[in-house]
Amino acid sequence: MAHHDKSPARVFERFASSATRFTGSVPAFTLALGIILVWAITGPLFRFSNTWQLVINTGTTIVTFLMVFLIQQTQNKDGLAIQLKLNELVAALEGASNRLISVEDLTAEELQVLRAHYQLLASKAKELSETRDSHSIEEAERRHQRKARQSAR
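Residues numbered from 1 in each chain as written. Predicted model: local features only at pLDDT ≥ 70, side-chain atom pairs only at ≥ 80, totals over all residues. Heavy atoms only, no water.

### Describing the packing of aromatic side chains
Tallying each qualifying case throughout the model produces three aromatic pairs. Aromatic pair W39 and W52: ring centres 4.0 Å apart, planes at 5 degrees, arrangement stacked. Taken together, the residues W39 in helix α2 (residues 26-41) and W52 in helix α3 (residues 50-92) connect sequence positions 13 residues apart. For the pair F48 and W52, a centre-to-centre distance of 5.2 Å together with 85 degrees between the ring planes defines the contact as edge-to-face. Under the relative-accessibility criterion, W52 is labelled buried at 9%. An aromatic cluster is defined as three or more aromatic residues linked by ring pairs; in this entry it consists of W39, F48 and W52. (Phe/Tyr/Trp six-rings, centres within 6.5 Å; stacked < 30°, edge-to-face > 60°. Helix = DSSP H or I, 4+ residues; strand = E, 2+ residues; numbered from the N terminus. Buried < 20%, exposed > 50% of the residue type's maximum accessible area, 1.4 Å probe, protein only.)

Pasting the structure below:
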């Protein structure tokens, strides 16, 4: 799909990404805090009336309702991107089981079977050595040197 695509789905996707990025920013938090402070300060002016309370309740409900959809759209896209990256890694690693490609499509029962398999592997590995031994600074240095030699070729 072209980046300049003006389809409603693409426009929404771009809007959702931008809105999600903005709402997670310091200026957005500052704006929300400012709105709440103005509302709180004006409480005595409006004698803490039901209408005064309704303004903040309605505003926050609307914003929350819309944000659920924006955040979910962004989460769906990010989740899919991560799954695709993981699938690529599994497919590229020699010795990795290709059964794990698209593992997210398995049933809960099938996932439990795989989980038990990996828990057993983890407990067997723990019996052989401590985690701090297998993930030491020295091991990281050896891995780095090995990769540096491979990339130099």
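### Side note on the confidence of the model for the protein chain
Close inspection of predicted coordinates is inappropriate in any region flagged by low pLDDT. Averaged over all residues, the pLDDT of the protein chain is 89; the fraction at 70 or higher stands at 93%. Within the protein chain, the lowest mean pLDDT, 58, falls on helix α5 (residues 131-134), and the highest, 97, falls on α2. (pLDDT = per-residue confidence, 0-100.)

### A short note on a positive patch on the surface
On the surface, R146, K147, R149 and R153 cluster together into a patch of positive charge. Looking at the element boundaries, R146 is found in helix α6 (residues 137-152). The exposure class assigned to R146 is partly exposed, which follows from its relative accessible area of 39%. (Patch = residues over 30% accessible without salt bridge, like charges linked within 9 Å, V, L, I, M, F, W, Y side chains within 5 Å. Areas by Shrake-Rupley, 256 points an atom, 1.4 Å probe, with all protein chains shown as cover. Salt bridge = Lys/Arg side-chain N within 4 Å of Asp/Glu carboxyl O. Lys, Arg positive; Asp, Glu negative; His and termini not counted. Charge placed at Lys NZ, Arg CZ, Asp CG, Glu CD.)

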